[in-house]
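Coordinates in review
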Amino acid sequence: MPSIEEPTMVAYLGDNIDPEIETMCESLQKSYAISPSDLFYKIESYRLELAGKSDISTVPVTKQLLDDLRQEFQAQLERKQMKQRAANGGTPQIISSSSPAPSVTPAKRRFAGSVATPTPLKSSPFSDKNSTFATRTDAGKVLETLNSEIEIDRADTSPEKAKITAFMDIKKYQYRTMRQVLLEASEYLDERIERFADLIQEQLADEVRRSDKPDAVLVTAAERLSNPAAITHDDVIVVGRIVSDSVHAADSSKVNETSVLLETSRRLGSGARVPFKLSLELQGEGKQQVSLSLFPGQIVALRGCNPSGSMFIVREVLSIPGLPLPVSPLRTLRQTASLPTRMIIAKGPFTTQDDVAYAPLTELIDQCISAKADVVILLGPFIDATHRCLVDPNTLPYANLNTLEDLFRTTITAELRRLESALPTVQTLLVPESGQREAVQRHVSFPTPPVGDAKKTLGMPKRSKWLSNPAFVAVNSSVLAIANIDILMQLSKVEYLHRVGANDTFERNILARGVKNLLQQRSLYPVFPGQPDVPLEISYLGLAEMSVARPDILIVPSDQRYFAKVVDNVVAINPGALTKLRAAGTYAVVDIAPLEDAKTAVADSEEAENELIFHKVWERCRVDIKKI
């Protein structure tokens, strides 16, 4: 039977196709093993992306377009090869932040805090005129607003700088990577279960004290929690960690109804892992039927029995005590919460895949200046190691760049200096991204310390400070928790939902549910084991825990849809990414109105001055998610 040959590109693009275009198409097919039909669909998809809201006929198939497509194919291929090498234990071939770029003559770092003027080498191989960022028509559009009824009067803003207080011990982040001790990691995981067990026992003891006729199970559990592996015919209360029964590393971060196990601490159950079954009559607080969200690493308190010794039957899920709301003395709030505060939050990448000119960052700084921001929070990656201009350093459009630090000084540092020159009181906080994308950060594990010696190597201006990841800071009176790691996306991938009824109080919004899980677990990274692309230092995950109080504002950047929500009296914000490949992204403008209690309260004694007042930021905070 004769074989059927697939039509050539002439059949797809027409008989009047330019011979040079046809030759370039054939070259792409051979170089990247693409069939004519697949190449045609990729070309059409690319034309649609460039056309935006315009008609696709306005974007012809040109040599420049095919050259851009070739660069994109090459970048995708190299990223795939990097992941394969990393998975096999190899070292990804990217430009080191401390080594000269390949094919560039090494030279001494010529910058000691100053910013050099870039010398153009050649135009970028990616055309700006076809960039959807350059041709966007909805710049500045407000996409989502939280508390739209709040109007902030910026006329009475303070001429002084916002007061910023860090709640992290930076010395604890300066640990050596790749030296993880298994015993230390095991002790942390065990202690975390024990801490939650103590919380549950305290809560049960309170219930016993308040009850006239306390439940015998509560009385027993308040004194001693049970071992879920022991045979019990009566209900008992147990505390443990959700884990999967899979022995394969790729599947160990996923659970389902048949693979879910409860892991105990050494004291409560000798570290045993016990299968458990969620009964159809599953109940929660108030004895109503509830749905349940489970993920690996989650600490849970369960009530049930194990009649056979091989399966724990869960009848009730106990609520874990939440952290208290943040408070401050009235004396302090008079100084820090009596005037409005404006923050602008943006997440990288800060340049499009077209070039490394950082035009989106320039536009963001313009918006910060016009809005007269008090604090600007920038979340990495700042220099994206997977950027296709950096994969091939010969495409850099500057002649005097020898290292990635030079690129940072030439682009990002220059914009930060312009911001500080225009706004004498503005302060900028920079949080690196954990992982291999952040090229200027040598420490890739999470938790991640601030970029070391940034003033010397990156020429950082005076009022721009690097923070750790995660970071806990107070801006005036508002407590911020920042986790520059896509924990919401990871939670959505590994979460298992056990649905019971439609009339329960279960949070159905996946984004709000992810934030609620972080608050209930008192950690900015409660998932264990972590995802393959996130190197975790398990012994130091305590640095990501919220141990004293809930934050007023929780900043959790994610590839999920941007949002601003109030969850359990906490303002949760995902500003979205500032750029998305060649397209424009989003950022967040946060306005916090003055606290009326701090302005109007009359204190007639020292005791009244020291009275603790709730911050109530969720009531006086307006968030606008805007298009850059």
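Scroll up a little and you will see the structure.
Throughout what follows, the structure given in this document is the object of discussion. (Residues numbered from 1 in each chain as written. Predicted model: local features only at pLDDT ≥ 70, side-chain atom pairs only at ≥ 80, totals over all residues. Heavy atoms only, no water.)

1. Some points on the overall build of the chain
When helices and strands are counted, the chain shows 17 helices and 24 strands. At a minimum sequence separation of 6, the contacts of the chain that also span at least 24 residues come to 76%. If you sum the accessible surface of the chain, you get close to 29,100 Å²; carbon and sulfur atoms cover 51% of it. (Helix = DSSP H or I, 4+ residues; strand = E, 2+ residues; numbered from the N terminus. Contact = heavy atoms within 4.5 Å. Areas by Shrake-Rupley, 256 points an atom, 1.4 Å probe, with all protein chains shown as cover.)

2. Focus: empty space enclosed by the protein
Here the structure, examined in full by the defined rule, presents three cavities of 30 Å³ or more. In terms of lining residues, the largest cavity is bounded by Tyr188, Leu189, Arg192, Arg241, Gly297, Ser523, Tyr525, Pro526, Val527, Phe528 and Leu541. The biggest single contributor to the lining of the largest cavity is helix α5 (residues 182–210), with three residues. Of the residues in the lining of the largest cavity, the class split is seven nonpolar, two polar and two charged. Roughly 40 Å³ of internal volume is contained in the second largest cavity. Around the second largest cavity sit Thr336, Ala337, Leu339, Thr341, Val475, Asn476, Ser477, Ser478, Ile592, Ala593 and Arg620, which together line it. (1 Å grid on protein atoms, 1.4 Å probe; cavity = no way out; pocket = protein on both sides within 12 Å on 5 of 7 lines; lining within 4 Å. Points joined across faces, edges and corners; volume = space filled by probe spheres on them. Nonpolar A, V, L, I, M, F, W, Y, C, P; charged D, E, K, R; others polar.)

3. Points about the packing of α5 against helix α6 (residues 216–223)
Two elements in contact, α5 and α6, have axes whose closest approach is 8 Å; the angle formed by their N-to-C orientations is 135 degrees. Of the possible angle classes, the one that applies to α5 and α6 is oblique. For α5 against α6, the interelement crossing comes out left-handed. Touching Gln201, Leu204, Ala205, Glu207 and Val208 of α5 are Leu218, Val219, Ala221, Ala222 and Glu223, all from α6. Residue classes in the contact of α5 with α6 are distributed as seven nonpolar, one polar and two charged. (Axes fitted to C-alpha atoms, helices over the stretch in contact; angles between N-to-C directions. Parallel < 35°, antiparallel > 145°, perpendicular 65-115°, else oblique. Left-handed = near helix turned anticlockwise from the far one by under 90°.)

4. Some details on helix α11 (residues 404–422)
For α11, built from 19 residues, the straight-helix expectation of 27 Å at 1.5 Å per residue is met to within 8% by its first-to-last C-alpha distance of 27 Å. Summarising burial for α11: 14 of the 19 residues are buried, a large majority. (Expected span 1.5 Å × (residues − 1). Buried < 20%, exposed > 50% of the residue type's maximum accessible area, 1.4 Å probe, protein only.)

5. Observations concerning the pattern of salt bridges
A complete count under the given rule lists 29 salt bridges for this structure. Across the pair Arg442 and Glu405 runs a salt bridge, and its minimum N-O distance is 3.8 Å. Of the two residues, Arg442 sits in the loop between β12 (427–431) and α12 (454–457) while Glu405 sits in helix α11, which places them 37 residues apart along the sequence. Arg442 gets classed as exposed once you look at its relative accessible area, which sits at 57%. Between Arg513 and Glu495 there is a salt bridge, with its nearest N and O atoms 2.7 Å apart. Of this pair, Arg513 sits in helix α14 (residues 510–521) while Glu495 sits in the loop between α13 (487–494) and β16 (496–498), and the two are 18 residues apart along the sequence. Here Arg513 falls in the buried class, since its relative accessible area comes to 6%. (Salt bridge = Lys/Arg side-chain N within 4 Å of Asp/Glu carboxyl O.)

6. Concerning the sheet that holds strand β17 (residues 553–555)
If you trace the six strands from one edge of the open sheet to the other, you get β2-β14-β15-β17-β19-β18, paired in mixed fashion. Each edge of the open sheet carries a strand with a single partner, namely β2 (164–166) and β18 (563–567). The average undirected angle you get between the axes of adjacent strands in this sheet is 25 degrees. In this structure, strand β15 (residues 478–482) lies alongside β17, joined through three bridges in parallel fashion. Residue pairing in the sheet places Leu480 in a bridge with Ile553 of β17. Here α14 sits on the sheet in contact with β17, β18 and β19 (570–574), set at roughly 50 degrees to β18. (Pairing = 2+ DSSP bridges.)

7. Brief notes about a positive patch on the surface
Among the surface-exposed residues, Lys161, Lys455, Lys462 and Lys465 lie close enough to one another that they form a single positively charged patch. By secondary structure assignment, the location of Lys455 is in helix α12. Residue Lys455 is classed as exposed on the basis of its relative accessible area of 66%. (Patch = residues over 30% accessible without salt bridge, like charges linked within 9 Å, V, L, I, M, F, W, Y side chains within 5 Å. Lys, Arg positive; Asp, Glu negative; His and termini not counted. Charge placed at Lys NZ, Arg CZ, Asp CG, Glu CD.)

8. Digging into the packing of helix α2 (residues 19–32) against helix α3 (residues 36–51)
Two numbers describe how α2 lies on α3: the axes approach to 10 Å, and their chain directions differ by 115 degrees. The angle between α2 and α3 places the two elements in the roughly perpendicular class. Considering the relative orientation of α2 and α3, their crossing is right-handed. In this structure, α2 contributes Cys25, Leu28 and Gln29 to the contact, and α3 contributes Pro36, Leu39 and Ile43. Grouping the amino acids of the contact of α2 with α3 by side-chain chemistry returns five nonpolar, one polar and no charged.

9. Comments concerning the sheet that holds strand β24 (residues 621–627)
Reading across from one edge, β1-β24-β22-β10-β11-β12-β13 is the order of the seven strands in this open sheet, with mixed pairing throughout. For this open sheet the edge positions go to β1 (142–146) and β13 (464–466), each flanked by a neighbour on one side alone. Pairwise comparison of adjacent strand axes, ignoring direction, gives a mean angle of 20 degrees for this sheet. Pairing of strand β10 (residues 341–347) with strand β22 (residues 586–592), which is carried by five bridges, proceeds in the antiparallel orientation. Its bridge partner lying in β22, Thr341 is registered against Ile592.

10. Looking at the side chain of Gln490
Residue position: Gln490 is located in helix α13. Once residues within four sequence positions are removed from consideration, Gln490 is found in contact with Ile485, Tyr525, Gln531 and Val534.

11. A look at the pairing of β24
As a general feature of sheets, a regular strand has side chains that alternate between the two faces. Counting buried positions along β24 gives six out of seven residues, so the element sits mostly inside the fold. With four bridges connecting them, β1 and β24 associate as antiparallel partners. Across the sheet, the residue bridging to Val142 is Lys626, located in β24. Where β22 lies against β24, seven bridges are found, and the strand directions are antiparallel.

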